[in-house]
Every structure is written in C-alpha cells, then in structure tokens.
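Inside the fold
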Amino acid sequence: MSSPDRIAQVLKRHSLRLTTVRRAVLQVVAESAYALSGSEIEQQLPPDTDRITLYRTLKSFEENGLVHRVVDTSDVVRYAACSIECSTHEHFDNHVHFKCTSCQHIYCLNQVTVPAVTLPARFEVSTRDYLLGGVCRECQPAQQPD
C-alpha cells in the first residue's frame with residue numbers, strides 16, 4: 001500500500017482528506033511488519049510533525065477502519081493496519097496477535113483467526129483480543145541442515 005496513489009485512494013475510500021501527516025502515518029503503519037507504538041510511528045515521521053496531530057490522526061484512522069489497536073500486556077498502545085475490508089462501521093480484524101519475547105515486536109497473524117468462545121448466560125462480548133507469546137521467526141536461531 002505504500003505508493004502515494006494507493007495511499008490517496010485508501011484515504012478517499014474512507015472519506016478522509018489527504019494531508020501530509022495522514023499520508024506519512026498511513027505509509028509508516030502500512031509498511032511495518034509489526035504493530036507500532038505512537039512513539040515508534042513518530043520516530044519515522046518528519047521531525048516537525050506535531051505529536052497532537054499524530055495522535056488525532058491515529059484516532060481518526062482507528063475510527064474509520066484504517067488501523068486497529070493491538071492489546072499488549074504492557075501499558076503501551078500499538079497500532080497495526082486494518083484489513084482492506086474494514087470500514088468506519090465494521091472491523092474484520094478477527095485475528096491473533098503474537099508478541100515475541102525476544103524482540104518485543106507484536107505481529108498480526110492475519111491467517112490465524114480468534115477461536116470461537118461460548119460464554120455463560122448474560123455475558124456479552126464487545127471486544128475480542130487474542131495475544132500469544134513466544135519467539136518470532138526473525139529471532140529463532142538459524143536451523144542448520146542435517
């Protein structure tokens with residue numbers, strides 16, 4: 001999604017005005033292999049980017065189906081790009097997240113859906129977060145051929 005035309009199309013499809021900050025934030029999030037904190041996103045933006053504008057942009061992106069929050073065991077909020085099917089009214093990011101205990105990156109495992117859960121009577125689900133922990137493929141020691 002990193003081409004300027006593609007980013008402009010995505011923003012237009014979600015009824016968001018194209019601005020320099022929105023373009024830059026969406027490019028950073030879309031090109032990342034793992035979920036990023038606001039601070040990590042800020043470090044990849046031009047130095048004159050206003051922090052308040054960045055967080056307003058992330059909030060707007062979340063409300064409009066461009067990014068989703070990733071739940072972590074720490075207090076750091078992380079953001080990852082939503083699937084292309086997400087919209088302002090519906091999110092389809094029903095996937096598992098994986099936190100590497102070595103590099104601390106959190107990955108969206110889009111191909112692994114959150115398992116169905118049957119709740120007791122009078123319990124109603126409003127959010128679903130599923131976080132697995134372990135060592136990612138980047139941090140795994142290289143396998144030697146036999």
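Residues numbered from 1 in each chain as written. Predicted model: local features only at pLDDT ≥ 70, side-chain atom pairs only at ≥ 80, totals over all residues. Heavy atoms only, no water.

1. Thoughts on the overall build of the chain
Looking only at helices and strands, the chain features four helices and six strands. Scanning the chain from its N terminus toward the C terminus, one meets helices and strands in the order α-α-β-α-α-β-β-β-β-β. Taken across its 146 residues, the chain has 32% of its residues classed as buried. Here the chain displays about 9800 Å² of accessible surface, and carbon together with sulfur accounts for 50% of that area. (Helix = DSSP H or I, 4+ residues; strand = E, 2+ residues; numbered from the N terminus. Buried < 20%, exposed > 50% of the residue type's maximum accessible area, 1.4 Å probe, protein only. Areas by Shrake-Rupley, 256 points an atom, 1.4 Å probe, with all protein chains shown as cover.)

2. Comments concerning the nonpolar core
The biggest cluster of nonpolar side chains holds 17 residues, and the ones touching the most others in it are Leu11, Val25, Ile41 and Phe61. Secondary structure elements with two or more residues in this core: helix H1 (4-13), helix H2 (20-31) and helix H4 (51-63). It is H2 that contributes the most residues to this core, four residues altogether. In this view, Leu11 contacts Leu16, Leu18, Arg22, Arg23, Leu26, Phe61 and Leu66; residues no more than four positions away in its chain are not counted. (Core = buried A, V, L, I, M, F, W, Y, C linked by side-chain atoms within 4.5 Å. Contact = heavy atoms within 4.5 Å.)

3. Quick look at the packing of aromatic side chains
Summed over all chains, the structure comprises one aromatic pair. Ring centres of Tyr34 and Tyr107 lie 6.0 Å apart, and the angle between their planes is 75 degrees; on these two criteria the pair is classed as edge-to-face. A residue pair is termed long-range when its members are at least 10 positions apart, and Tyr34 in the loop between H2 and strand S1 (36-37) and Tyr107 in strand S5 (residues 106-113) qualify at 73 residues. Of the residues examined, Tyr34 reaches a relative accessible area of 25% and is grouped as partly exposed. On the accessibility criterion, Tyr107 (15% relative accessible area) is buried. (Phe/Tyr/Trp six-rings, centres within 6.5 Å; stacked < 30°, edge-to-face > 60°.)

4. Topic: a nonpolar patch on the surface
Taken together, the side chains of Val117, Leu119, Phe123 and Val125 define a hydrophobic patch exposed on the protein surface, amounting to about 400 Å² of accessible area. Mapped onto the elements of the fold, Val117 is located in the loop between S5 and strand S6 (131-134). For Val117, a relative accessible area of 62% corresponds to the exposed category. (Patch = residues over 30% accessible without salt bridge, like charges linked within 9 Å, V, L, I, M, F, W, Y side chains within 5 Å. Salt bridge = Lys/Arg side-chain N within 4 Å of Asp/Glu carboxyl O.)

5. What to know about the confidence of the model for the chain
It should be kept in mind that the predicted coordinates are not to be read in detail where pLDDT is low. Averaged over all residues, the pLDDT of the chain is 87; the fraction at 70 or higher stands at 88%. Averaged over each element, pLDDT in the chain is lowest for H1 (87) and highest for helix H3 (residues 38-43) (96). (pLDDT = per-residue confidence, 0-100.)

6. What about the pattern of salt bridges?
With the rule as written, the count across this model stands at four salt bridges. Among the ionic pairs, Arg51 bridges to Glu42, the shortest N-O distance being 3.1 Å. Given a relative accessible area of 21%, Glu42 falls into the partly exposed group. Among the salt bridges present, the one from Lys59 reaches Glu63, with a minimum N-O distance of 3.1 Å. One end of the pair is Lys59 and the other is Glu63, both in helix H4 and four residues apart, which spans about a single turn. Judged by relative accessible area, Glu63 falls into the partly exposed class, the value being 44%.

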